[in-house]
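# An overview of the molecular structure
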Amino acid sequence: MASLSGLYSSSSSLKPAKTHFVKALTAATRDSFSFPHTSKPSHPPLTLSASRSVARDISHADAKKELIKDPDALWNRYLDWLYQQKDLGLYLDVSRVGFTDEFVVDMEQRFKAAFKAMDDLEKGSIANPDEGRMVGHYWLRNSNLAPKPTLKTLIENTLDSICGFADDIISGKIKPPSSPAGRFTQILSVGIGGSALGPQFVAEALAPDNPPLKIRFIDNTDPAGIDHQIAQLGSELASTLVIVISKSGGTPETRNGLLEVQKAFRDAGLNFAKQGVAITQENSLLDNTARIEGWLARFPMYDWVGGRTSVMSAVGLLPAALQGIDIREMLAGAAIMDEATRTTSLKNNPAALLAMCWYWASDGVGSKDMVILPYKDSLLLFSRYLQQLVMESLGKEFDLDGNTVNQGLTVYGNKGSTDQHAYIQQLREGVHNFFATFIEVQRDRPPGHDWDLEPGVTCGDYLFGMLQGTRSALYANGRESISVTIEEVTPRSVGALIALYERAVGLYAFIVNINAYHQPGVEAGKKAAAEVLALQKRVLSVLNEASCKDPVEPLTLDEIADRCHCPEEIEMIYKIIAHMSANDRVLIAEGSCGSPRSVKVYLGECNVDDLYA
Ligand SMILES: O=P(O)(O)OC[C@H]1O[C@H](O)[C@H](O)[C@@H](O)[C@@H]1O
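Procedures and definitions
Residues numbered from 1 in each chain as written. Predicted model: local features only at pLDDT ≥ 70, side-chain atom pairs only at ≥ 80, totals over all residues. Heavy atoms only, no water. UniProt positions renumbered as here; feature names shortened; annotations may be inferred. Near = heavy atom within 4 Å. Polar contact = N/O pair within 3.5 Å; in protein donor to acceptor, adjacent residues only side chain to side chain. Areas by Shrake-Rupley, 256 points an atom, 1.4 Å probe, with all protein chains shown as cover. Buried < 20%, exposed > 50% of the residue type's maximum accessible area, 1.4 Å probe, protein only. Helix = DSSP H or I, 4+ residues; strand = E, 2+ residues; numbered from the N terminus. Pairing = 2+ DSSP bridges. pLDDT = per-residue confidence, 0-100. Contact = heavy atoms within 4.5 Å.

Per an unreviewed UniProt entry, the recorded name for the chain is Glucose-6-phosphate isomerase, and the organism is Eutrema salsugineum. Entered under Catalytic activity (unreviewed entry) in the UniProt record, the comment concerning the chain runs "alpha-D-glucose 6-phosphate = beta-D-fructose 6-phosphate".

Right under this line is the structure:
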């Protein structure tokens, strides 16, 4: 079977070998996947030609977005705008986004400034002005770009130490102090946000079926979730390498995860320090803890790398290397994409093309959501990864001039064709509030492993047909889409994908004049959480005081709020008490009416019958 990749990388011209490609597409669309031995659908299936007629009937609410319908014109648009990065085997098709020539001319002007700002960023400008920081994640994959020799050396030495440490762990040269296995077999990663999402995406995408160490994650302060991970480790806790990741070194959820895991180690009679690794900024609380307690190893994070762009730092590289993933290939893929996205020609810059499409599709204000649809199971977590990269970067209240803009771009999605059985119905026919991004992987299986489950049709052909059919069906109903194609999921292509979207987000941010590299809104949430915990402590102190009386003095919510000197917080006080009661930490007696207003709260022994006598 001719390789599909030949269709994209034919040297002569953009004209792919029509026979195989078009035949597969037409057949798959024509049959609309009528499975063997099942009844035909009641309505005639949408064929390619039928979907065109549907498209002609659709009135376009937004005249600006009159989509091309003529097949020949579409084919030429496809060829005209198809971006190819042949070294990476990565292709970008923006032909199903309806931007006009006038729009492109306008954007080319705006991108000139964006390209300059991005160039300055890579040269070490303070591209994160709100925090007075440089933005240096691109230097991680090309240390020659680092603006100071000391940074170049730091990047190179850290990479070498990551590779050396991973080799020593995998070879058993460094081994756990008391494990029958005689070597580390598991990784327990403790981190949240950018200290988890990158490693999780990379593990799901690239971990081999039988990795030297199998990874699992604690990425929340949910005690049940933590217990579940530790229970699943069981006796293998003794051969588990615990990697605690926190750039700030002070994130509450990560700190709680660490304390919980250290308790599990104590309960199992194990010495955590001999199995603990920290990845954090130098002299952070976590770094100092790891140093003082003598943990196995510590790796640095830098203030010029944000959490959501840290996957090419030790955050993503150490866990990946321990799973046997070729991290130098990841870095190489990212470096090639970085170079490809430095060109100042909009039409030849895939990141700029993405940013332009996002702007067109969502009017530069996030009016439509970005639905990410990788048709490959291993890329399932790409949308979760992009949720942080895109939304934490672009979701900002103010622009760089202090204007209130409430910018953003909402990302969701899981994987195809699975999502076709969940919400694609709404995408096809319902509220038109999105644009789709298909991630296509050409290689279905390693060479020699495929077979026809029907004459001339493989399982992967169905996946291919589902993607193409969904793309056609959405477009026929006026829904725009971008398609990113890679030949296969490899460290190099995953590195390239990550770099592509990091650059696209950065360019988009310059276009809409916001700082993509800080996250003020997150601090508000952290502060509010701390206030709830402070209130809880006051409630407990009031209840403790009342419990010391003889007999115990049960208190109403009003009385508790008054004694906490915050009557306005009575609802939060009720929620705090309800949560503590559910966990057997306070006792609640309810009046006959059952309203929260009538509850009486106490600690210790109390004759409930007398409470409402
Ligand atoms: O790596 P840490 O310092 O623990 O931070 C973990 C996460 O915390 C916050 O949510 C930030 O907004 C994220 O950007 C960051 O990735």
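Once that is clear, we can look at the site of the ligand. By nearness alone, 14 residues border the ligand, and Gly194, Ser195, Ser246, Thr251 and Glu392 come closest of all. The contact in question runs from an oxygen atom of the ligand to an N or O atom on the backbone of Lys247, over 2.8 Å. Within the side chain of Glu392, a nitrogen or oxygen atom sits 2.6 Å from an oxygen atom of the ligand. With the chains in place, 88% of the 390 Å² that the ligand exposes on its own is no longer accessible.

Turning our eyes to something else, we now look at the pairing of strand E10 (residues 434-441). The two faces of the sheet receive side chains in turn, since in a regular strand these alternate between them. A large share of E10 lies buried, amounting to 8 of its 8 residues. Every second residue of E10 is oriented toward a common face, with Phe434, Ala436, Phe438 and Glu440 on one face and Phe435, Thr437, Ile439 and Val441 on the other, all of them buried. Across 6 bridges, the pairing between strand E8 (residues 369-374) and E10 is parallel. Counterpart to Ile372 in the pairing with E10 is Thr437. The sheet contact formed by E10 and strand E13 (residues 481-486) spans 6 bridges and is parallel.

Another point: the confidence of the model for the chain. Looking at the chain, the pLDDT average stands at 90 and 89% of residues meet or exceed 70. Ignoring residues within four places in sequence, the model shows residues 1-63, a span with pLDDT below 50, making 72 contacts including any to other chains. Scoring of the predicted complex yields 0.89 for pTM and 0.99 for ipTM.

The next subject is unusual backbone geometry. Each neighbour pair has its own omega, and for Gly416 with Ser417 the value is 5°, a cis peptide bond. Considering the arrangement of structural elements, one finds Ser417 in the loop between strand E9 (411-412) and helix H15 (424-429). Along the chain, Asp550 connects to Pro551 via a cis peptide bond; the corresponding omega equals 5°. Here Pro551 shows up in the loop between helix H18 (520-547) and strand E14 (555-556).

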